[in-house]
Amino acid sequence: MSTRLIAYGTAAAFAACLFVAAAPAVAQMAPPALIGKVTSDREGAMEGVLVSAKRSAGTITVTVASDANGDYAFPADRLEPGRYELTIRAAGYGLDGLGLVELAPGKATRADLRLKSTPVTTDQLTNSEWMASVPGPEDLKRALLNCADCHSLRRIFVSKHTATDFLKVFERMGGYYPGASDLQPQRLVGEHRRPAVNPAIAEKLADYLASVNLSRQSTHDFEPKIAPRPTGRATRVIITEYDLPRKEIQPHDVVVDPTGMVWFSHFGEQFLSKLDPKTGKVTDFPIPVQKPNHPKGTLDLEIDADGYLWIGLMYQTGMARFDRSTETFQIFPVPDEWQTDATQQSHFSVAATNIDGKAWVKNTDRSQVMRLDLATGKYENLGSFRDPANNRPIGIYGIYADQQNNIYILEFPFGGIGKIDAKTGKLAFYPTPTPNARARRGRVDSQNRLWFAEYGANGVGMFDPDTQTITEWKKPLAWEAPYDVLADHNGEVWEVNTFSDRVGRLDPKSGEWTNYLLPRSSNIRRLFVDDRKSPVTVWIGNNLGAAVIKVEPLD
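Remember, predicted model here, so these are calculated numbers, not experimental data.

A. Main features of the overall build of the protein chain. In terms of helices and strands, the protein chain carries six helices and 40 strands. For a compact globule of 555 residues, the expected C-alpha radius of gyration is about 24 Å, and the protein chain comes in at 24 Å, within 12% of that figure. Across the 555 residues of the protein chain, 56% fall into the buried class. Look at the contacts in the protein chain between residues 6 or more apart in sequence, and 58% of them connect residues 24 or more apart. Only carbon and sulfur atoms are counted for the fraction: they give 51% of the accessible area of the protein chain, which is about 23,000 Å². The distance from the centre of the 63 positive side-chain charges to the centre of the 66 negative ones in the protein chain is 3 Å.

Quick look at the structure:
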């Protein structure tokens, strides 16, 4: 039967039909707080349905997934007694009735969930599902990868813009700060603009988008291609979401300090913030504004070997170091004579400053590589670099030090890895096996290998400096567009993105992926793996959802 996409509001209102009763006595010391079975007329017992519980007036949401028998369970230490609202995530389904349940202390409450079939609505589609569903040539669809940085692709496809309208949008988008949002639409200063759309394809792309949105028709005439729900290992997970106190907060990078406190950078504001994972309390630390007329916001957030937090100040110039004990910032601005309206410090590396006292910093303006002497506060500018094979400028995204404090630069417009020798300043460049892989973010592992996201190749790459080769692993779903990658101490590799609402877990030996579906639309730019215990805990920020998320695999 043909299924049409229905454009409902961006916040879907799911209701729950619950059979609530006291559970039988469970012979264990700590019974689960809430258990139940998820079923539907169409499928019977349903695997991979996300069930979320949020306390009334609370700020913390806990989510589990139903197993192969349709059963779900919330551990007792995750839900305190009280009144909760239950919601689900399962495309093409809704809960039948009201979703309220009262949890009593010391015993398990049972809530069996009955799902009813519903039309697949446009707000249920992830960005990757939009890309898979919408017809059109791959080269034009690839041009949409950059659009998901600022908003979902749904906005494009449910719009009524004509081709002429889209050309105006392309021009306007180039004038916005990268961290601009609906709630904080900051403009760039002066003549500086960001390359929104390649001018060579602008008219062709505008015509294409106008042909697949709602400018010429009231409904979409293509079938939605929904990714399968989680199965097996991907259902064995607990996900905790911490709502942030203001909707305009964009938690770009999230890290955990040695005491277990969670810190995040603000992509659209001049703050560094701390989240207490036990209570959900958020404490803001204002970062001194250096350039009042330029956009506010930060990006990269790192912890050095001494426990200091470092943060990239974007258009506010340079870096800031935060002392957690004194709760004070030290600012390291780029010299005035080097600054332009395009000066932007988004990415840096303090991973190996103990080697020579130097931190590596990227200036997005002309993709310059700089080095900061921590003792003197002075910068050295190594300038811009070019691919030796074709003399093409290297457009840098991420920048990461190895264990000897040599620096890797990740080539974003096309794809490749550059390695700059710290002593000589010379560059070696290694193209990715897949052309136009668009290397984005990553990290160096304990074996001194660089793991990185292949945004344009839908995969993960690993550069081995011993063999000077790159190995690739492709993501299981189409158009996931990996954004950041990190290897844990157990030898597994973790990936996040802005497209599929999933956190990827790779076993490099077998090549097997486990994709953990998140409870709601998620725009993830960075991941932090706390691997002090096994299984590890993954921390991420929902950059467009004003939430910090903890993902805890159960095996």
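Back to the write-up after that little detour.
B. Here's a closer look at the environment of Q344. Position of Q344 among the secondary structure elements: in the loop between strand 19 (328-332) and strand 20 (348-349). If sequence neighbours within four positions are ignored, Q344 has contacts with P178, M314, Y315, K362, N363 and T364.

C. Inspection of the packing of helix 4 (residues 163-173) against helix 5 (residues 202-212) at higher detail. Taken N-terminus to C-terminus, the directions of helix 4 and helix 5 make an angle of 125°; their axes are 8 Å apart at the nearest point. If you check the angle between helix 4 and helix 5, you find them oblique. Where helix 4 crosses over helix 5, the two elements pack in a sense that is right-handed. For the pair helix 4 and helix 5, the contacting residues are A163, F166, L167 and F170 in the first and A202, E203, L205, A206, D207, L209 and A210 in the second. Residue classes in the contact of helix 4 with helix 5 are distributed as nine nonpolar, no polar and two charged.

D. Focus on the pairing of strand 14 (residues 271-275). Pairing geometry for strand 13 (residues 262-266) and strand 14, over four bridges, is antiparallel. When the bridges of strand 14 are listed, F264 appears paired with S273. Joining the antiparallel neighbours strand 13 and strand 14 is a turn of four residues. Once strand 14 ends, the chain turns through six residues before running back antiparallel as strand 15 (residues 282-286), passing G280 with a positive phi of about 85°.

E. The arrangement of the layout of surface pockets in detail. Taken as a whole, the second largest pocket holds about 1,000 Å³ of empty space. What lines the second largest pocket is a set of 31 residues, and nearest its centre among them are I303, A351, R443, V444 and F528. Residue assignment for the lining of the second largest pocket shows that the elements contributing at least two residues are strand 12 (251-256), strand 16 (301-303), strand 20, strand 26 (396-401), strand 30 (439-444), strand 34 (482-487) and strand 38 (524-530). For the lining of the second largest pocket, a count of residues per class yields 16 nonpolar, four polar and 11 charged.

F. Local environment of the sheet that holds strand 18 (residues 319-323). Strand order in the open sheet formed by four strands is 16-17-18-19, and the pairing between neighbours is antiparallel. Edge positions in the sheet fall to strand 16 and strand 19, since each has one partner strand and no second. For this sheet, the mean inter-axis angle between neighbouring strands, taken without regard to orientation, is 25°. Where strand 18 meets strand 19, five bridges bridge the pair, whose relative direction is antiparallel. Within the sheet, the bridge partner assigned to M319 lies in strand 19 and is F332.

G. A look at the environment of I355. Mapped onto the fold, I355 is located in helix 6 (residues 353-356). Here I355 is in contact with Q403, Q404 and N405, once residues within four sequence places are set aside.

H. Main features of the packing of aromatic side chains. According to the stated counting rule, one finds 21 aromatic pairs in the structure shown. Ring geometry for Y72 versus F74: centroids 5.9 Å apart, planes at 80°, classification edge-to-face. Three or more aromatic residues joined by ring pairs make a cluster, and in this case those are Y397, F412, Y455, Y483 and F499. Lying across the ring of F412, R438 places its NZ or CZ 4.2 Å from the centre. Positioned above the aromatic ring of Y455, the side-chain terminus of R440 is 4.4 Å from the ring centre.

I. Region of interest: the nonpolar core. Counting 31 residues, the largest nonpolar core has L144, L153, F157, F170, L205, L209 and F499 as its most contacted members. When residues of this core are traced back to their parent elements, those giving at least two are helix 1 (127-133), helix 3 (154-157), helix 4 and helix 5. A per-element tally of this core places helix 5 first, with seven residues. For L205, the residues in contact, after removing those within four places along its chain, are L140, A143, L144, F170 and V197.

J. Local environment of the side chain of E241. As for its position among the elements, E241 is in strand 11 (residues 237-243). Since its relative accessible area comes to 3%, E241 is described here as buried. Here R520 takes part through its side chain, which lies 2.6 Å from a polar atom of the side chain of E241. Setting aside its immediate chain neighbours within four residues, E241 contacts T59, I60, T61, T63, P519, R520, V548 and I549.

K. Region of interest: the state of the cysteines. All told, the structure shown has zero disulfides when counted by the stated rule. With no disulfide of its own, C147 lies 8.5 Å from the sulfur of C150, the closest cysteine sulfur. Residue C150 is classed as partly exposed on the basis of its relative accessible area of 29%.

L. Highlighting the sheet that holds strand 26. What the four strands build is an open sheet, ordered 26-27-28-29; its pairing is antiparallel. Where the open sheet ends on each side, the last strands, each with one partner, are strand 26 and strand 29 (427-431). Looking at each pair of strands side by side, their axes are set apart by 20° on average, direction ignored. Examined bridge by bridge, strand 27 (residues 407-411) and strand 28 (residues 416-420) share five bridges and lie antiparallel to one another. Within strand 28, the position partnered with L410 by the bridge is I417.

M. Representation of helix 5 within the structure. Those residues of helix 5 that fall on the buried side of the exposure criterion are A202, L205, A206, Y208, L209, A210 and V212. Structurally, helix 5 contributes buried residues whose contacts are with helix 2 (138-142), helix 3 and helix 4.

Cut-offs applied
- Positions within a chain are numbered from 1, following the residues in the order the chain's sequence is written.
- Where totals are concerned, whole chains, interfaces and linings use all residues; where local detail is concerned, this predicted model gives features only for residues with pLDDT of at least 70, and gives and counts side-chain atom pairs only at 80 or more.
- Hydrogens are left out, water is left out, and the side-chain values use all remaining heavy atoms of the structure.
- Under the DSSP-based scheme used, a helix requires at least four consecutive residues in state H or I and a strand at least two consecutive residues in state E, with every element numbered from the N terminus.
- Radius of gyration here is computed from C-alpha atoms only, and the compact-globule reference equals 2.2 Å multiplied by the residue count raised to the power 0.38.
- Here's how the labels work: a residue is buried when its accessible area is under 20% of the maximum for its type, exposed when over 50%, partly exposed in between, all with a 1.4 Å probe on protein chains only.
- Contacts were defined at the residue level, with two residues in contact if any of their heavy atoms lie within 4.5 Å.
- Working definition of accessibility: Shrake-Rupley area with a 1.4 Å probe, residue cover restricted to the visible protein chains.
- None of His or the chain ends enter the tally, which takes Lys and Arg as positive and Asp and Glu as negative.
- By convention, the charge on Lys lies at NZ, on Arg at CZ, on Asp at CG and on Glu at CD.
- Only the contacting stretch of a helix is used when fitting its axis, a line to C-alpha atoms as for every element, and angles between N-to-C directions run 0 to 180 degrees.
- Convention used here: angles under 35 degrees read as roughly parallel, angles over 145 as roughly antiparallel, angles from 65 to 115 as roughly perpendicular, and any remaining angle as oblique.
- For any pair of crossing helices, the crossing counts as left-handed if the nearer helix is rotated counterclockwise from the farther one by less than a right angle, and right-handed if it is rotated clockwise.
- Classification used: nonpolar for Ala, Val, Leu, Ile, Met, Phe, Trp, Tyr, Cys and Pro, charged for Asp, Glu, Lys and Arg, polar for all others including Gly.
- Strand pairing is defined by DSSP finding a minimum of two bridges between the two strands.
- Cavities and pockets are defined on a 1 Å grid built over the protein atoms alone: a cavity is a set of grid points where a 1.4 Å probe fits but cannot escape, while a pocket is an open set with protein on both sides within 12 Å along at least five of seven lines, and lining residues are those with an atom within 4 Å of any such point.
- Grid points are joined across faces, edges and corners, and a volume is the space filled by probe spheres set on the points.
- The pairing test for Phe, Tyr and Trp rings, Trp by its six-membered ring, is centres within 6.5 Å, and the orientation test on the planes gives stacked under 30 degrees, edge-to-face over 60, and tilted for anything in between.
- Charge-over-ring contacts are defined here by two conditions on Lys NZ or Arg CZ: a distance within 6 Å of the ring centre and an angle within 35 degrees of the ring normal.
- Residues grouped as a nonpolar core are buried Ala, Val, Leu, Ile, Met, Phe, Trp, Tyr and Cys residues, joined through side-chain atoms within 4.5 Å.
- Polar contacts here mean pairs of N or O atoms no more than 3.5 Å apart (in protein, one a potential hydrogen donor and the other a potential acceptor; neighbouring residues in sequence count only if both atoms are side-chain atoms).
- The disulfide definition used here is simple: a pair of cysteine sulfur atoms within 2.5 Å.

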